[in-house]
Amino acid sequence: LAKTTQPISMDSYEGQEVNITCSHNNIATNDYITWYQQFPSQGPRFIIQGYKTKVTNEVASLFIPADRKSSTLSLPRVSLSDTAVYYCLVGNTDKLIFGTGTRLQVFP
Amino acid sequence: DGGITQSPKYLFRKEGQNVTLSCEQNLNHDAMYWYRQDPGQGLRLIYYSQIVNDFQKGDIAEGYSVSREKKESFPLTVTSAQKNPTAFYLCASRDRGSIYQPQHFGDGTRLSIL
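Because the structure is a prediction, the values reported are computed rather than measured.

Describing the overall build of chain A
So, point 1. When helices and strands are counted, chain A shows zero helices and nine strands.
So, point 2. Listed N to C, the secondary structure of chain A is β-β-β-β-β-β-β-β-β in terms of helices and strands.
So, point 3. Over its C-alpha atoms chain A spans a radius of gyration of 13 Å, differing by no more than 12% from the 13 Å that the globule rule assigns to 108 residues.
So, point 4. A principal-axis box enclosing the C-alpha atoms of chain A has dimensions of 40 × 30 × 20 Å.

A word on the interface of chain A and chain B
So, point 1. With 20 residues of chain A in contact, the opposing surface of chain B contributes 27 residues.
So, point 2. With both sides pooled, the region where chain A packs onto chain B buries about 1,800 Å², and carbon together with sulfur makes up 51% of that total.
So, point 3. If you sort the residues of chain A by the area they bury against chain B, D94, K95 and F98 of chain A come out on top, with a joint share of 33%.
So, point 4. Between K95 of chain A and D59 of chain B there is a salt bridge; the shortest N-O distance is 3.7 Å.

Here we look at the sheet that holds strand β8 (residues 76–78) of chain B
Residue and element names in this part refer to chain B.
So, point 1. Across the sheet, four strands lie side by side as β1-β3-β8-β7; this open sheet has antiparallel pairing. With one partner strand each, in any of the chains shown, β1 (4–7) and β7 (64–66) form the two edges of the open sheet. Between one strand and the next, the sheet's axes are offset by a mean angle of 20°, whatever the strand orientation.

What to know about the pattern of salt bridges
So, point 1. Summed over all chains, the structure comprises six salt bridges over all chains.
So, point 2. Among the salt bridges present, the one from R96 of chain B reaches D94 of chain A, with a minimum N-O distance of 3.7 Å. With R96 of chain B in the loop between β9 (87–94) and β10 (104–105) and D94 of chain A in the loop between β8 (84–91) and β9 (102–107), this residue pair bridges two chains.
So, point 3. In this structure R96 of chain B comes out as partly exposed when scored by relative accessible area, which is 36%.
So, point 4. Judged by its relative accessible area of 6%, D94 of chain A falls in the buried class.
So, point 5. The network of salt bridges with common partners includes D94 of chain A together with R94 and R96 of chain B.

Thoughts on unusual backbone geometry
So, point 1. Cis peptide bonds are those with omega within 30 degrees of zero, and the linkage from S7 of chain B to P8 of chain B qualifies with -10°.
So, point 2. Tracing the backbone through its elements, the reader meets P8 of chain B in the loop between β1 and β2 (10–13).
So, point 3. The phi dihedral of R77 of chain A is positive, around 50°, even though this residue is not glycine.
So, point 4. Mapped onto the elements, R77 of chain A comes out in the loop between β7 (70–75) and β8.
So, point 5. For R77 of chain A, a relative accessible area of 64% corresponds to the exposed category.

The rules behind these values
Residues numbered from 1 in each chain as written. Chains lettered and ligands numbered in written order. Predicted model: local features only at pLDDT ≥ 70, side-chain atom pairs only at ≥ 80, totals over all residues. Heavy atoms only, no water. Helix = DSSP H or I, 4+ residues; strand = E, 2+ residues; numbered from the N terminus. Rg over C-alpha atoms; globule rule 2.2 N^0.38 Å. Contact = heavy atoms within 4.5 Å. Buried area = accessible area lost by both parts, 1.4 Å probe. Salt bridge = Lys/Arg side-chain N within 4 Å of Asp/Glu carboxyl O. Pairing = 2+ DSSP bridges. Axes fitted to C-alpha atoms, helices over the stretch in contact; angles between N-to-C directions. Buried < 20%, exposed > 50% of the residue type's maximum accessible area, 1.4 Å probe, protein only.

Now the structure itself:
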């Protein structure tokens, strides 16, 4: 199972773009990269998933370089409500490894 | 509304008691999962089920049991053998189609010991 490394915490201000990078050096050929957001006392919420290059949806973008050994979640113009823990996961099976995630704090 | 429903939201257990946490999904997903989350930590997999009447142990199955008699239901029993059951329990489900699909989570049950 591929292990991921993310920053423990990040701070930002409202209206800024936030980029959270995840390192996954031993990603396997068939693995997908998935990001979740979790608020206190709630279940993780799916944000975005990708395999290669760039994926964009209504809330975020995911950038994946050609070697796929890292990925960057980009949150445009964050607001206070984006304060949460963000998890990066890598895999393609039922068994995924959740690390401790990145705690994003957004200030007014 | 399609989704995953966990109940109850809060649960208290006395020493020596078994308790059962409910998880129901109406997403028609084949696979279902149970995770445990301790304060400040990530999620750890307890059990998962890929199809009805089949389930597999995760990383921390000791002291827990599950059943999967119906596609939409995957209850978790925390037995008296689980010595440190206080935690936040999360249920998830996933479509096991040809393209890898992400897991979707319920809002959890917080279990505490009286």
